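So you can see what is in the structure, the chains are spelled out below.
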Amino acid sequence: MFTGIVQTQASVVGTLLNEGVMRLVLSVGNEYLQQLTIGASIAVNGCCLTVVQFETSRSDVVGQVSFDVIDESLKLTNLGNLTCGDKVNFERSVTFGTELGGHIVSGHIHDMATVDQIVRTAENVKIKLVLAKDWSKYVFYKGFISVNGASLTVGQVDENGFWLHLIPETLSITNIGRTKMGDKLNIEVDQQTYTIVNTVEHYLRKNTLNRID
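Residues numbered from 1 in each chain as written. Predicted model: local features only at pLDDT ≥ 70, side-chain atom pairs only at ≥ 80, totals over all residues. Heavy atoms only, no water.

**Concerning the overall build of the chain**
Broken down by element type, the chain carries 4 helices and 12 strands. Taking 17 Å as the expected radius of gyration for a compact globule of 213 residues, we find that the chain reaches 18 Å, a close match to that expectation. Along the three orthogonal principal directions, the C-alpha set of the chain runs to about 70 × 45 × 40 Å. Split into buried and exposed, the 213 residues of the chain put 43% on the buried side. Pairs at least 24 apart in sequence give 70% of the contacts found in the chain among residues at least 6 apart. (Helix = DSSP H or I, 4+ residues; strand = E, 2+ residues; numbered from the N terminus. Rg over C-alpha atoms; globule rule 2.2 N^0.38 Å. Buried < 20%, exposed > 50% of the residue type's maximum accessible area, 1.4 Å probe, protein only. Contact = heavy atoms within 4.5 Å.)

Written as structure tokens, this is what we have:
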């Protein structure tokens, strides 16, 4: 479980694909690897991955952490498009007593959205994303959504997509401000919204069938 509050950006230093599984190696500040264990969960661009190896050094401020990304994750997320030098959003899993500053995020990516428009000003960035209709029904104005693992508030919504309004803090901490037109961003819709929409749809279908009978 995660909060959607990205802690830092890690650098991709290795992407080795072998029989459908990619060994992903990230370089990140040692402070983000403290008390880490093999098997721990870390959200990388919002995708929950399991630590298979890590290294820290007292003589260096940077460590490395490795994950195995299976073919299903490579297909459903943007992790399969990573190359060395790319920056990814990095969040350790929630621990007892963690302040929940964003919203509950599972790390299970539902789909990818495409960057359709980018509007930059001196202070912030607006990005319009296009999402498949199967998932766009869970996106509401002022609702929560996880984009590349960052908990964000949905801006304007229309039939073609929705807008994100990124403040300087979000731009500095996450990699979303680096996106370009046509880029794919990992999307996890809010679980409460998902449950409510599906419950209402099920109720309406059931009532419709009852009236027909």
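**So, the side chain of Ser-66**
Secondary-structure assignment places Ser-66 in strand E5 (residues 62–69). In this view, Ser-66 contacts Arg-23, Leu-24, Val-25, Thr-50, Val-51, Val-52 and Gln-53; residues no more than four positions away in its chain are not counted.

**Some points on empty space enclosed by the protein**
As enumerated under the stated definition, the model contains 1 cavity of 30 Å³ or more in all. By volume, the largest cavity amounts to about 30 Å³. Around the largest cavity sit Val-6, Ala-43, Val-44, Asn-45, Gly-46, Asn-89, Phe-90, Glu-91, Asn-148 and Gly-149, which together line it. Sorting the residues of the lining of the largest cavity by element identifies strand E3 (41–44) and strand E6 (87–92) as the ones contributing at least two each. With 3 residues, E6 is the single largest residue contributor to the lining of the largest cavity. Of the residues assigned to the lining of the largest cavity, the class counts are 4 nonpolar, 5 polar and 1 charged. (1 Å grid on protein atoms, 1.4 Å probe; cavity = no way out; pocket = protein on both sides within 12 Å on 5 of 7 lines; lining within 4 Å. Points joined across faces, edges and corners; volume = space filled by probe spheres on them. Nonpolar A, V, L, I, M, F, W, Y, C, P; charged D, E, K, R; others polar.)

**Let's talk about the packing of aromatic side chains**
In this structure the tally under the stated criterion is 4 aromatic pairs. Considering the side-chain rings of Tyr-32 and Phe-90, the 6.5 Å spacing of their centres and the 65° angle between planes classify their relative orientation as edge-to-face. Separated by 58 residues along the polypeptide, Tyr-32 in the loop between strand E2 (21–29) and E3 and Phe-90 in strand E6 bring together distant segments of the chain. Using a relative accessible area of 22% as the deciding quantity, one classes Tyr-32 as partly exposed. Among the residues examined, Phe-90 registers a relative accessible area of 0% and is labelled buried. (Phe/Tyr/Trp six-rings, centres within 6.5 Å; stacked < 30°, edge-to-face > 60°.)

**With respect to the pattern of salt bridges**
Side chains bearing opposite charge may pair, as long as their charged atoms lie close to each other. Tallied over the entire structure, the rule returns 5 salt bridges. Here Glu-72 makes a salt bridge to Lys-75, at a shortest N to O gap of 3.5 Å. Pair noted here: Glu-72 and Lys-75 are both in helix H1 (residues 71–76), with a separation of 3 residues, about one helical turn. On the accessibility criterion, Lys-75 (58% relative accessible area) is exposed. (Salt bridge = Lys/Arg side-chain N within 4 Å of Asp/Glu carboxyl O.)

**Quick word on the layout of surface pockets**
Think of a ball as big as a water molecule: rolled over the atoms, this probe shows where empty space is left. For the largest pocket, the calculated volume is near 370 Å³. Along its surface, the largest pocket is lined by 15 residues, and Leu-82, Asp-86, Lys-87, Asn-175 and Asp-183 are the ones closest to its centre. In terms of residue class, the lining of the largest pocket is made up of 2 nonpolar, 7 polar and 6 charged. Each pocket or cavity is described by its volume, and for the second largest pocket that value is around 300 Å³. Ile-5, Ser-151, Leu-152, Ile-167 and Thr-170 are, among the 17 residues lining the second largest pocket, the residues nearest its centre. Looking at the lining of the second largest pocket, the elements that each hand over two or more residues are strand E10 (150–158), strand E11 (161–166) and helix H3 (168–173). Per-element tally for the lining of the second largest pocket: the top contributor is E10, with 6 residues. When its residues are assigned to classes, the lining of the second largest pocket shows 8 nonpolar, 7 polar and 2 charged.

**Things to note about the pairing of E5**
One ladder, built from 8 bridges, connects E2 with E5; its direction is antiparallel. Bridge pairing links Met-22 to Val-69 in E5. As judged from the 4 bridges shared by strand E4 (residues 47–55) and E5, these two strands associate in the antiparallel manner. Bridged to Glu-55 within E5 is Gln-64. Between the end of E4 and the start of E5, which pair antiparallel, lie 6 residues. (Pairing = 2+ DSSP bridges.)

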